[in-house]
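Structural description and commentary
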Amino acid sequence: MTQYGGGPPNPNGVTEPGEFTAALRQLRAWADLSFRQLAQRAETAGEVLPASTTASMLARATLPRSDIVATFVRACGLDGSDVARWVATRNALAAAPTRSDHAAPVMHDAPQPTPDDGPVPAMLPPDIADFTGREEQVPSLLKHLSGATRASQHHHAPVIATISGMGGVGKTALAVHVAHRLSETYTDGQLYVNLRGADASPLQPGDILARFLRALGVPNQGIPADETERAELYRTRLAGRSVLLVLDNAATESQVRPLLPGTATCAVLVTSRARLTSIEGAHRVDLDVFSPTTAIRLLARIITDKRLTAQQAAAERIIALCGGLPLAVRVAGARLAARPRWHLGHLATMLGNERRRLDQLAAGDLAVRASLALSYQGLDPTARRLFRLLGLFDLPDFAAWFAAAILDSGLDLGVEHAEALVDAQLLTAAGTDGAGQQRYRFHDLVRIFARERAAVEETDESITAALTSGFGAWLALTERMAGHIPGPCYAAISGPTARPATGWVDRYTPSIGPGLWFDAERAALLSLIRQACLLGLDDVAFDLAGCMEKYFDVRGMYSDWVDTNTEVMSACRAAGNLLGEAVMLRGLIDVTTWITDGDGDGDAMSRLHDGAFRLLDMFTLLGHEQGMSDAAVMCSWALTAAGDRPAAITYATRALQLANRSGHPGGRIRARLAMSVAHYEQGRFDDAAAGLADALGEARVLDNPRWVATVLQFSGITHRELANFERSHSMLHEALSISRHFGDTYTEVLTLLALARLDLRRGDPAAARGTADTSALLSRKYHMGHHLAEALQLLGEIEMADGCPARAVNHLEESVAIWRTRGWHSMQAAALTSLGKAYAQTEPSAAGRAFEEAAAIFTRLGNTAKLAEVLTYIPPHGVERRRGQSAHTPASPGYRPQSSAAAKWAGIALGVSGDAGRGR
């Protein structure tokens with residue numbers, strides 16, 4: 001953004017939505033107008049610009065509507081060409097980003113992030129050493145994708161090429177080979193994904209966008225939940241970079257379009273069985289089967305001995321029987337290479353004996369089936385059974401341990417039989433994952449063939465048993481790994497699905513880090529959960545989904561958490577599985593309460609209240625005391641937020657009793673924390689500190705680092721209020737160290753806020769400002785509305801302390817606007833009080849209205865101490881107001897203004913918290 005002389009800011013040079021929103025905030029600062037003043041200016045001009053709309057627009061990093069931009073800019077005092085410039089910039093950004101977003105993940109140990117171009121992705125599978133043929137297609141694709149044939153009038157568009165053809169014709173092999181040849185041209189990296197277009201459930205564009213964003217350096221917490229916003233961030237990350245994308249095995253154009261970059265510096269290579277004719281400007285390559293000469297060359301490269309030269313006629317017969325299909329030729333060649341004593345005529349004779357299959361060899365997919373059947377028949381019985389049973393599971397890839405689990409054998413034997421399938425080219429070795437596990441994957445058509453064989457050779461009973469055993473093995477290992485992930489102290493509630501007693505699971509678990517294991521198996525687990533839902537295995541689905549909740553939480557994969565629990569909860573509800581529905585609802589309430597940006601009806605705490613009591617009813621109906629304890633803690637938090645502290649303590653006490661009776665140590669910690677927060681809100685800091693001391697001891701015994709950090713941060717906050725500053729400082733820094741070690745951004749931000757308040761209390765506003773700025777930055781980036789409201793409130797108080805009330809108003813207006821969506825009433829009233837103090841020095845009439853609203857909330861909460869403070873700021877005759885104008889802006893649900901007389905007989909004085917966070 002630029003500025004001419006002393007004139008207003010303008011959007012010149014803005015290249016991304018976040019920068020545009022920041023420019024709008026600077027324009028408001030230049031105009032020196034409050035949200036209310038902007039609304040009044042708009043009304044005078046005959047336009048509508050509610051203060052809440054402005055606050056919401058400036059709090060987000062996404063583009064506002066163009067009409068709102070125009071109204072806002074005019075209200076700031078600009079018109080004519082200036083308004084047109086702002087709207088044109090907004091529309092250009094919405095249409096196509098033009099430059100790369102080089103913002104790196106925030107460095108949490110510094111007050112400001114540092115720029116970084118991010119990693120260079122190199123996701124291509126290995127090239128095929130014996131790649132053969134395609135002499136016309138390779139040069140054509142290289143020429144097009146290098147940009148040599150790009151028309152000048154289309155120089156802003158990415159270069160796109162598509163490769164189409166029947167299954168097994170070699171589309172992927174050609175695409176990967178060409179991509180490797182172009183790796184030096186596209187120096188900023190190569191992205192690759194198998195879109196699984198042949199599957200019953202192809203990959204969704206939103207999931208692929210998340211995967212690509214991670215590869216481009218965006219942390220999990222920074223990936224938007226909305227698919228459109230993901231696509232916008234993805235195109236922004238690619239803009240200006242030289243990146244090659246290989247989108248393999250696409251189903252339809254609609255699957256591909258969201259993945260296309262918006263810049264001419266990138267190129268895209270797509271493979272699909274369909275021709276994808278509606279992708280504009282694409283260079284299209286249609287693959288056919290090999291000519292006999294090319295197929296012979298491929299066979300010779302696979303066999304690598306003298307048999308082919310000596311037995312030319314037999315080789316030609318094999319090629320003819322394979323119909324020139326590259327996959328069929330490769331399967332035949334692999335069988336011959338593995339058996340050096342075989343005469344080629346022997347294989348030709350075998351092919352000839354399979355008359356019905358060979359008749360279909362050149363007929364589309366039947367050709368692949370016949371070739372695979374030949375390889376399948378060459379396996380020993382155990383390998384054939386493993387092949388059939390592995391194909392039953394919807395896995396994009398899997399680790400070697402799963403082969404052992406299917407066979408109920410040792411790991412070594414499982415690997416041996418998996419490698420036999422690799423030798424037969426019925427399975428592909430996919431390399432080693434980040435957890436050090438050897439992985440395998442099926443070609444789409446091979447999995448289909450495996451399932452066909454299972455349908456023919458297995459009984460319904462054996463298929464059911466295999467599915468039960470396989471899903472049970474995943475549960476056995478996933479539960480063990482989840483037990484070592486720090487996260488929510490929920491009760492581990494499981495369904496009746498049997499877990500096989502496989503000794504290798506216990507031996508396997510200690511050898512691999514649980515976080516890395518979940519990283520490696522995330523895609524497989526999500527696929528299995530979806531398959532379980534489709535198969536009606538709701539107990540399996542909610543068991544697996546429940547095991548992933550702590551991983552989702554610590555990794556910041558909130559959209560994955562919401563999507564998974566929502567899908568599984570629906571399946572459980574349809575099946576009448578109340579336990580599974582309750583477990584999924586428990587996690588959904590948590591993530592949607594503390595992370596989402598005000599979605600849904602009402603404020604977040606009201607939704608927490610409704611959901612928590614519904615959950616308590618469900619677990620009570622089930623008679624599940626551990627679940628009842630978890631739900632009662634949620635009820636306590638909701639009641640504390642609403643200001644009903646006695647009821648909050650009652651429910652926390654009930655939760656503690658249920659946890660003690662049911663042997664739920666995590667529930668005891670959560671109950672003690674909820675009770676301490678209620679005491680804290682009442683100003684009973686000694687009681688809060690005592691309860692937190694008990695909770696901290698239990699958290700250390702439980703060995704859950706997330707909860708050690710959580711209790712430490714609340715303990716540090718409480719000791720700050722007791723003026724035990726050194727103890728507070730020590731506890732908060734220990735909590736911060738734990739949070740950063742595990743990459744737990746949510747807990748980290750709350751701890752930073754507490755440290756900032758501590759610095760302010762200790763008379764170090766400079767340190768407080770830096771930490772609060774970092775908290776606000778992280779809160780915006782990772783969609784933490786609760787923390788952002790508090791960070792802005794704290795920044796406003798710091799500005800007031802520095803004698804800058806106008807800047808304080810900017811922060812505090814936004815803070816109040818966010819608190820209205822959160823519904824934590826004492827915090828909203830506290831922010832209103834601070835806003836009133838800032839208004840008193842800039843706009844006295846607005847100050848009175850803010851104080852009156854705060855007084856009404858404190859009256860309803862029964863907080864006479866804070867009420868008495870606020871009343872000292874209100875003039876004796878109230879606030880003068882124009883006819884028909886309310887004395888306050890809309891408050892949170894349930895708000896009712898009360899008179900000063902009512903305030904005088906309000907209930908006991910309560911302390912108001914300046915800190916808030918989830919206690920899970």
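You'll find the structure just up there.
Residues numbered from 1 in each chain as written. Predicted model: local features only at pLDDT ≥ 70, side-chain atom pairs only at ≥ 80, totals over all residues. Heavy atoms only, no water.

With that settled, consider the overall build of the protein. When helices and strands are counted, the protein shows 42 helices and ten strands. Among the 920 residues that make up the protein, the fraction classed as buried is 57%. Partitioning the intrachain contacts of the protein with sequence separation of at least 6 by distance along the chain shows that 70% fall at a separation of at least 24. In the structure as shown, the protein presents an accessible area of about 35300 Å², 53% of it carried by carbon and sulfur atoms. (Helix = DSSP H or I, 4+ residues; strand = E, 2+ residues; numbered from the N terminus. Buried < 20%, exposed > 50% of the residue type's maximum accessible area, 1.4 Å probe, protein only. Contact = heavy atoms within 4.5 Å. Areas by Shrake-Rupley, 256 points an atom, 1.4 Å probe, with all protein chains shown as cover.)

This part takes up the nonpolar core. Counting residues in each nonpolar core, the largest one holds 184 residues, and the members touching the most others are Phe402, Trp474 and Trp637. Apart from the residues within four sequence positions on either side, Phe402 is in contact with Leu390, Phe393, Leu395, Gly470 and Trp474. Counting residues in each nonpolar core, the second largest holds 47 residues, with Leu141, Phe290, Ala295 and Ile303 among its members. (Core = buried A, V, L, I, M, F, W, Y, C linked by side-chain atoms within 4.5 Å.)

Taking 1.5 Å of rise per residue, 13 residues should cover 18 Å, and helix H20 (residues 411-423) covers 18 Å from first to last C-alpha, within 8% of that figure. Along H20, the residues that are buried comprise Gly414, His417, Ala418, Leu421 and Val422. Along the long axis of H20, the arc covered by the buried residues comes to 155 degrees, so they all point the same way. Residues of H20 that are exposed and point more than 90 degrees away from the buried face comprise Asp412, Glu416 and Asp423. For H20, the elements touching its buried residues are helix H18 (381-390), helix H19 (400-407), strand E9 (428-432) and strand E10 (438-441). Where H20 terminates, the next one or two residues include Gln425, which has phi positive at roughly 60 degrees. (Expected span 1.5 Å × (residues − 1). Arc of directions from axis to C-beta.)

Moving on: the pattern of salt bridges. Applying the stated criterion across every chain, the model contains 45 salt bridges. Of the charged contacts, one joins Glu698 and Arg672 as a salt bridge, the two residues approaching to 2.8 Å between their closest N and O atoms. Residue Glu698 is located in helix H32 (residues 685-702), and its partner Arg672 is located in helix H31 (residues 665-681); the two are separated by 26 residues in the primary sequence. Salt bridges linked by common partners bring Arg388, Arg453, Glu457 and Glu458 together as one network. (Salt bridge = Lys/Arg side-chain N within 4 Å of Asp/Glu carboxyl O.)

Before going further, it helps to examine the packing of helix H37 (residues 785-801) against helix H39 (residues 825-839). The geometry of H37 relative to H39 is characterised by a closest axis approach of 10 Å and an angle of 30 degrees between their N-to-C directions. Classified by the angle between their axes, H37 and H39 sit roughly parallel to one another. Taken as a pair, H37 and H39 cross one another with a handedness that is left-handed. Contacts between H37 and H39 pair His786, Gln793, Glu797 and Met800 from the former with Met827, Ala830, Ala831, Ser834, Lys837 and Ala838 from the latter. Of the residues that constitute the contact of H37 with H39, the class distribution is five nonpolar, three polar and two charged. (Axes fitted to C-alpha atoms, helices over the stretch in contact; angles between N-to-C directions. Parallel < 35°, antiparallel > 145°, perpendicular 65-115°, else oblique. Left-handed = near helix turned anticlockwise from the far one by under 90°. Nonpolar A, V, L, I, M, F, W, Y, C, P; charged D, E, K, R; others polar.)

Another point: the pairing of strand E5 (residues 244-250). Of all seven residues in E5, seven are buried; the element is thus mostly enclosed. Bridge count between E5 and strand E6 (residues 267-272): five bridges; the pairing is parallel. Within E6, the position partnered with Leu247 by the bridge is Val270. (Pairing = 2+ DSSP bridges.)

For the rest of this paragraph, the subject is the environment of Asp539. Along the chain, Asp539 turns up in helix H25 (residues 538-555). With a relative accessible area of 23%, Asp539 lands in the partly exposed category. The spatial distance from the C-alpha of Asp539 to the C-alpha of Val568 is 9.5 Å, given a sequence separation of 29 residues. What Asp539 contacts, discounting residues up to four positions off in sequence, is Gly495, Pro496, Thr497 and Asn577.

Moving on, we get to the sheet that holds strand E7 (residues 283-286). One open sheet accounts for five strands, arranged E4-E5-E6-E3-E7; its pairing is parallel. If you trace the sheet from one side to the other, it starts and ends with strand E4 (190-194) and E7, each paired once. The mean inter-strand angle of the sheet, taken between neighbouring strand axes irrespective of direction, is 15 degrees. Bridge analysis of strand E3 (residues 159-164) against E6 gives six bridges, and the strand direction is parallel. When the bridges of E6 are listed, Val159 appears paired with Ala267. On the sheet, helix H7 (residues 171-181) packs against E3, E4, E5 and E6 and is oriented at approximately 165 degrees with respect to E6.

Where E9 and E10 come together, four bridges link them in antiparallel fashion. In the sheet register, Ala429 faces E10, and the bridge partner there is Tyr440. Counting the residues in the hairpin turn of E9 and E10 gives five residues, including Gly436, whose phi is positive at 85 degrees.

This next bit is on the sheet that holds E10. Strand order in the open sheet formed by three strands is E8-E10-E9, and the pairing between neighbours is antiparallel. Either end of the sheet is taken by a strand with one partner, and the two such strands are strand E8 (398-399) and E9.

This paragraph deals with unusual backbone geometry. The phi dihedral of Asp32 falls on the positive side, at around 55 degrees, and the residue is not glycine. Residue position: Asp32 is located in the loop between helix H1 (17-31) and helix H2 (35-44). Note on Asp32: relative accessible area 53%, which makes it exposed. Positioned with a positive phi, Arg196 is a non-glycine residue whose angle comes to about 55 degrees. Here Arg196 lies in the loop between E4 and helix H8 (205-215).

Everything listed is a geometric property; what it means functionally is a separate question.
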